[in-house]
Amino acid sequence: MADKRFHLAWFMNFTPDEWREPFGQGGYPWDGQFYIDMAQSMERACFDLIMIEDKLMVPETYGGSRDLSLKHAMMVPKADPAPLAVAMGMATKHLGVVATMSTMAYPPFMLARLSSTIDSLTKGRFGWNVVTSAEDLMAKNFGMDRLPAREDRYAMADEYMDVVGKLFESWEPDAVVLDRKNGVYADGSKIHTVDHKGKYYQVRGPLNTVPSPQRRPVYLQAGASPRGRDFAAQHADAIVSVANGVEGMKEFRSDIRARAEKFGRNPDDIKVFFCICPSLGETEEEAQARYRNVTMSDNFVTDVLISISAITEIDFAQFELDKPLPEKLVTNGESGTLDKFQQWGSGKTLRQLAADGGGGLVSSMELIGTPAQVAEKMGAAMAEVGGDGFLITTPVLRVSRRYITEICDGLVPELQSRGLVRTEYKHQLLRDNLREF
Ligand SMILES: Cc1cc2nc3c(=O)[nH]c(=O)nc-3n(C[C@H](O)[C@H](O)[C@H](O)COP(=O)(O)O)c2cc1C
């Protein structure tokens, strides 16, 4: 019988939990323990990986000031994902840990060295979410007045991938000989200078870390524009996406697979994960009521608008909440997210868009119901789409232990009993787990 399994991943960030709500954890997760517990829950539920989102600025687009972001703790404070990935990786044995790092922020040598180090620390379970950043506010923290245009950022990122690739390869796999008898640690003839002199980067190399278990981290990417999709299809091991319903998911995955072939890659080496935010209840009515309560609250609507304003650098406070948007909006930032959010032509008011969305991190499909109902729907969707997996999150990435339990002890067992997801890990390396099915 054909293997109908798909992969599960979890999407979060190192920000306050669902701190305002009755089942929150208090809003002060900075010692990492809450998120380490979360990683252990994900491992218990056999998720392939946990992915940590990141941004490098304090948003101040919504309402023209940073006050509302700070008041709501929306996208700020946000702590560094790399040390958290280490902490989560060292508290687990099988789960992949993925940190977001921007090609606009890290010199390639630093990124390659950091990734190689974390991959060794986690015994081959590190992934890098490759982003090119989306905000002028971010650029101002890195010596630029504004972010280069999307096309230019991707051109830089193409060269960046080339450079880090060369750095990861700069030590041959057997360069470390550890010959105690003859006193040889590493064989110099197997470690090579890189001497990269390109349009954007100059790196001599070699890397000063040993080859890590995966040699290079698993690459995740979320390109949505045609240029972004090409970039992802060329480089990524896994792509995360917010699509429009099952049809949109199918279309996106076929498009990525066609692009991968164009670049001479085996499409099966790229797993596409669709972002979803299941809303669960003991009955369908309860799940619906909980969903309505969350998404129609004033706090939620403001959280969403702060978040979509931050990543598009369009001030959504300028538009009337109870009217449709006056024009189709464009951004040099996260275009796919904006397009999905604005549902241009739907006639919905901004409040309805905010309720539907969640800072753009909306569900690719609606999943509201009992764990069994949601599991059925996920199975049917994947059968239609053709694979590969789901990236589970919450609309504005706020989490509570209650939600984690609902997913790990409610939804996942339902998926497992239908033979739809993994019940054990077979491999040590994250890349091998991703390619298992
Ligand atoms: C699920 C998901 C997660 C993302 N995570 C981040 C992130 O952590 N940091 C970031 O700067 N951008 C993030 N992005 C934005 C993407 O990297 C990308 O810029 C965006 O999807 C727009 O695609 P484009 O660059 O092709 O226009 C994410 C996008 C999606 C769909």
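Before any of the text, the structure's been laid out above.
Below is a summary of the structure that appears in this document. (Residues numbered from 1 in each chain as written. Predicted model: local features only at pLDDT ≥ 70, side-chain atom pairs only at ≥ 80, totals over all residues. Heavy atoms only, no water.)

## Observations regarding the sheet that holds strand S1 (residues 7-13)
And then number 1: Within the closed barrel, the 8 strands sit side by side as S1-S2-S3-S4-S9-S10-S11-S14. Their pairing is parallel. Averaged over all adjacent pairs, the angle separating strand axes in this sheet is 30°, with direction ignored.
And then number 2: Bridge count for strand S10 (residues 238-241) against strand S11 (residues 271-276) is 4 bridges, and the pairing is parallel. Bridging from a neighbouring strand, Val240 pairs with Phe273 of S11.
And then number 3: Sheet strands in contact with helix H8 (residues 245-262) are S10, S11 and strand S14 (389-392), and its direction is about 155° off that of S11. (Pairing = 2+ DSSP bridges. Helix = DSSP H or I, 4+ residues; strand = E, 2+ residues; numbered from the N terminus. Axes fitted to C-alpha atoms, helices over the stretch in contact; angles between N-to-C directions. Contact = heavy atoms within 4.5 Å.)

## Section: the site of the ligand
And then number 1: In the vicinity of the ligand, 21 residues are found, and the nearest of them are Lys55, Tyr154, Ala222, Ser225 and Ser335.
And then number 2: Between the ligand and Asp54 there is a distance of 2.8 Å, counted from a nitrogen atom to a backbone nitrogen or oxygen.
And then number 3: Ser335 is positioned with one of its side-chain polar atoms (N or O) 2.8 Å from an oxygen atom of the ligand.
And then number 4: Elements that contribute at least two residues to the shell around the ligand include exactly strand S2 (49-53), strand S4 (126-131) and helix H6 (150-168).
And then number 5: Residue composition of the shell around the ligand, grouped by class: 10 nonpolar, 6 polar and 5 charged. (Near = heavy atom within 4 Å. Polar contact = N/O pair within 3.5 Å; in protein donor to acceptor, adjacent residues only side chain to side chain. Nonpolar A, V, L, I, M, F, W, Y, C, P; charged D, E, K, R; others polar.)

## Details of the nonpolar core
And then number 1: Core analysis: the largest hydrophobic core is formed by 109 residues, its most contacted members being Leu8, Trp10, Phe47, Ile50, Phe316, Met378 and Phe390.
And then number 2: Looking at which element gives the most residues to this core, the answer is H6, with 9 residues.
And then number 3: Apart from the residues within four sequence positions on either side, Ile50 is in contact with Trp10, Met12, Met38, Ala39, Met42, Met88, Leu95, Gly96, Val97 and Val98.
And then number 4: Counting residues in each nonpolar core, the second largest holds 15 residues, with Val218, Val240, Leu430 and Leu434 among its members. (Core = buried A, V, L, I, M, F, W, Y, C linked by side-chain atoms within 4.5 Å. Buried < 20%, exposed > 50% of the residue type's maximum accessible area, 1.4 Å probe, protein only.)

Geometric values such as these leave the question of function open.
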